[in-house]
Amino acid sequence: MTHPARPPNPSDQTLYEQDYVRWLEETAHHLGQKFFDRLDLFNLIEEMEDMGRSEKRSIESNLRIILMHLLEWQYQLEQRSGSWRGSIAEHRIRIRKSLKESPSLKPYLTEVFAESYQDTVHIASQETGIPTHQFPTVCEWSLQQILDEEWIPN
């Protein structure tokens, strides 16, 4: 995406760098009053793009936590606990709420599913001491199962 050049007025940039909250407040005020010529467009665009990336990182992180506990649940039978089930439920709720607020994240979740599983296998191996080759190379569960509030592997 092409960004506008940094605004010629260095005070806009300085405000962003010196007092982020005040910059946000002034930006919201300028937008609300339709003072578009006063906007620090460069930083505003950067912030908006960062917000989208942050939402994606959050949903991916929640997916990895669910996958981690499901792997632990399946491969560490003797250590199964209510806290794992609680964590799985909590992160399923977070994903459900994220998808409700931003349905456009659903394709992204599908897109990162396989890679998230691979990352999780590596971390699960480190946490459990189980060699990575003992985990399936491809996730045996569907994304639908993983997000299903009632489902847990046997």
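Here, every reference points to the structure presented above.
(A) The overall build of the chain, seen in detail. If you tally the helices and strands in the chain, you get six helices and zero strands. Put simply, the chain runs from its N terminus to its C terminus through helices and strands in the order α-α-α-α-α-α. Against the compact-globule benchmark of 15 Å for 154 residues, the chain has a radius of gyration of 21 Å, which places it well outside the compact range. By principal-axis analysis of the C-alpha atoms, the chain measures approximately 60 × 30 × 25 Å. Among the 154 residues that make up the chain, the fraction classed as buried is 36%. Intrachain contacts of the chain at a sequence separation of at least 6 include 66% that bridge at least 24 residues. Carbon and sulfur atoms make up 52% of the accessible area of the chain, which totals about 9,800 Å².

(B) Focus on helix 4 (residues 82-101). A rise of 1.5 Å per residue sets the reference length of helix 4, with its 20 residues, at 28 Å; its end C-alpha atoms lie 29 Å apart and thus fit the reference within 8%. Within the span of helix 4, buried status applies to Trp84, Ser87, Ile88, His91, Arg92, Ile95, Ser98 and Leu99. On an axial view of helix 4, the arc spanned by its buried residues comes to 135 degrees, and they lie on one face. Opposite the buried face of helix 4, at more than 90 degrees from it, the exposed residues are Gly82, Ser83, Lys97, Lys100 and Glu101. Contact partners of the buried residues in helix 4: helix 3 (41-75), helix 5 (105-128) and helix 6 (143-147).

(C) Spatial organisation of the packing of helix 3 against helix 4. Close contact between helix 3 and helix 4 brings their axes to 9 Å; oriented N to C, the two are set at 150 degrees. As far as their axial angle goes, helix 4 and helix 3 are roughly antiparallel. The interaxial crossing formed by helix 3 with helix 4 has left-handed handedness. Residues Ile59, Asn62, Leu63, Ile65, Ile66, His69, Leu70, Glu72 and Trp73 of helix 3 lie in contact with helix 4, whose contacting residues are Trp84, Arg85, Ser87, Ile88, His91, Arg92, Arg94, Ile95, Ser98 and Leu99. Tallied by class, residues from the contact of helix 3 with helix 4 come to 10 nonpolar, five polar and four charged.

(D) Just the environment of Leu70, in detail. For Leu70, the position within the fold is in helix 3. For Leu70, a relative accessible area of 0% gives the class buried. Along the chain, Leu70 and Glu140 lie 70 residues apart, while their C-alpha atoms are 11 Å from each other. Setting aside residues up to four positions removed in sequence, Leu70 forms contacts with Ile88, Arg92, Trp141, Ile146, Trp151, Ile152 and Pro153.

(E) Spatial organisation of the packing of helix 4 against helix 5. Between helix 4 and helix 5, the least distance of the axes is 8 Å, while the angle of their chain directions is 135 degrees. Classified by the angle between their axes, helix 4 and helix 5 sit oblique to one another. Note on element contacts: helix 5 touches helix 4 through Leu105, Lys106 and Leu109, opposite Ile95, Ser98 and Leu99.

(F) Region of the structure containing the pattern of salt bridges. Enumeration over the complete set of coordinates arrives at five salt bridges. Of the charged contacts, one joins Arg94 and Glu90 as a salt bridge, the two residues approaching to 2.8 Å between their closest N and O atoms. With a gap of four residues between them, Arg94 and Glu90 both fall in helix 4, about one helical turn apart. Taking the relative accessible area as the measure of exposure, Arg94 reaches 39% and is therefore partly exposed. Among the residues examined, Glu90 registers a relative accessible area of 35% and is labelled partly exposed.

Reading guide: rules and limits
Residues numbered from 1 in each chain as written. Predicted model: local features only at pLDDT ≥ 70, side-chain atom pairs only at ≥ 80, totals over all residues. Heavy atoms only, no water. Helix = DSSP H or I, 4+ residues; strand = E, 2+ residues; numbered from the N terminus. Rg over C-alpha atoms; globule rule 2.2 N^0.38 Å. Buried < 20%, exposed > 50% of the residue type's maximum accessible area, 1.4 Å probe, protein only. Contact = heavy atoms within 4.5 Å. Areas by Shrake-Rupley, 256 points an atom, 1.4 Å probe, with all protein chains shown as cover. Expected span 1.5 Å × (residues − 1). Arc of directions from axis to C-beta. Axes fitted to C-alpha atoms, helices over the stretch in contact; angles between N-to-C directions. Parallel < 35°, antiparallel > 145°, perpendicular 65-115°, else oblique. Left-handed = near helix turned anticlockwise from the far one by under 90°. Nonpolar A, V, L, I, M, F, W, Y, C, P; charged D, E, K, R; others polar. Salt bridge = Lys/Arg side-chain N within 4 Å of Asp/Glu carboxyl O.

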